[in-house]
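Secondary and tertiary structure notes
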Amino acid sequence: TREYTINLHKRLHGIGFKYRAPRAVKEIKKFAEKQMGTKDVRIDSRLNKAIWSQGVRGVPFRMRVRLARMRNEDEDSANKLYTLVTHVNIPKNGFKGLQTENVETTE
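These numbers were taken from a predicted model, which means no experiment stands behind them.

Comments concerning the sheet that holds strand S3 (residues 62-71)
In space, the five strands of this open sheet follow the order S2-S4-S3-S1-S5, with mixed pairing throughout. Every other strand in the sheet has two partners, leaving strand S2 (41-43) and strand S5 (101-102) as the edge strands with one partner each. For S2 and strand S4 (residues 81-87), the ladder comprises three bridges, and the chain directions are parallel. Opposite Val41, over in S4, you have Thr83 as the bridge partner. Where helix H2 (residues 20-36) meets the sheet, it contacts strand S1 (2-7), S2, S3 and S4, and its direction lies at approximately 50° from that of S3.

And the structure:
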């Protein structure tokens, strides 16, 4: 499990207003797929709320997310592993100096 800061501002540059929040969801999924190497990426409902918190146009510039690679309980699915993406709350203007961090999970 790792914590990343995703710069959504650069990923949404030049995207029309009505497509920004949906594109942000797609970009986070793409990022998680690349980092964790799993095709199946699931976004937590609280992360979705955070993306959409300022409406379809006002996606936050940066977001701190936690990526967890989980074993798929569903036996007959194509993928053995999936990635769960959750939101990490950061105080306003608190992104300075944050690095990618490994987080120990309690399972």
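With respect to a negative patch on the surface
Taken together, the side chains of Glu73, Asp74, Glu75 and Asp76 define an acidic patch exposed on the protein surface. By the secondary structure assignment, Glu75 is in the loop between S3 and S4.

Brief notes about the confidence of the model for the chain
For the chain, per-residue confidence averages 91 on the pLDDT scale, and 98% of positions sit at 70 or higher. Across the chain, the secondary-structure element scoring lowest on mean pLDDT is S5, at 90, and the one scoring highest is helix H1 (residues 8-11), at 96.

Overview of the packing of H2 against helix H3 (residues 45-52)
Two elements in contact, H2 and H3, have axes separated by 9 Å at closest approach and are oriented at 135°. Viewed along their axes, H2 and H3 adopt a mutual orientation that is oblique. Judged by the sense of rotation from one axis to the other, the crossing of H2 with H3 is right-handed. Along its contact with H2, which presents Ala21, Pro22, Ala24, Val25 and Ile28, the element H3 presents Leu47, Asn48, Ile51 and Trp52.

Definitions and limits used
- Note on numbering: residues in each chain are counted from 1, in written sequence order.
- The predicted nature of this model means local features are confined to residues of pLDDT at least 70 and side-chain atom pairs, given and counted, to a pLDDT of 80 or more, with totals for whole chains, interfaces and linings taken over all residues.
- Just so you know, side-chain values use all the structure's heavy atoms and leave hydrogens and water out.
- Criterion used throughout: strands pair if DSSP finds at least two bridges between them.
- Helical segments are the DSSP runs of H or I of at least four residues, strand segments are the runs of E of at least two, and each set is numbered from the N terminus.
- Here a residue-residue contact requires only that any non-hydrogen atoms of the pair lie within 4.5 Å.
- In this description, a line fitted to the C-alpha atoms serves as the axis of each element, helices being fitted only across the stretch in contact, and the angle between N-to-C directions of two axes falls anywhere from 0 to 180 degrees.
- Grouping into patches uses exposed residues only, defined as over 30% relative accessible area, and leaves out salt-bridged ones; the cut-off is 9 Å for like charges and 5 Å for nonpolar side chains (Val, Leu, Ile, Met, Phe, Trp, Tyr).
- With residues, only the protein chains shown are counted as cover, and all accessible areas are computed by Shrake-Rupley using a 1.4 Å probe.
- By definition, a salt bridge exists where a carboxyl oxygen of Asp or Glu is found within 4 Å of a side-chain nitrogen of Lys or Arg.
- For the purpose of charge, His is not counted, nor are the chain termini; Lys and Arg are scored as positive and Asp and Glu as negative.
- All charge positions are set by atom: Lys at NZ, Arg at CZ, Asp at CG, Glu at CD.
- Confidence scores per residue from the predictor, reported as pLDDT, run from 0 to 100.
- Relative orientations are named as follows: roughly parallel for angles under 35 degrees, roughly antiparallel for angles over 145 degrees, roughly perpendicular for angles from 65 to 115 degrees, and oblique for any other angle.
- Here a crossing is taken to be left-handed if its near helix is turned anticlockwise relative to the far helix by less than a right angle, and right-handed if that turn runs clockwise.

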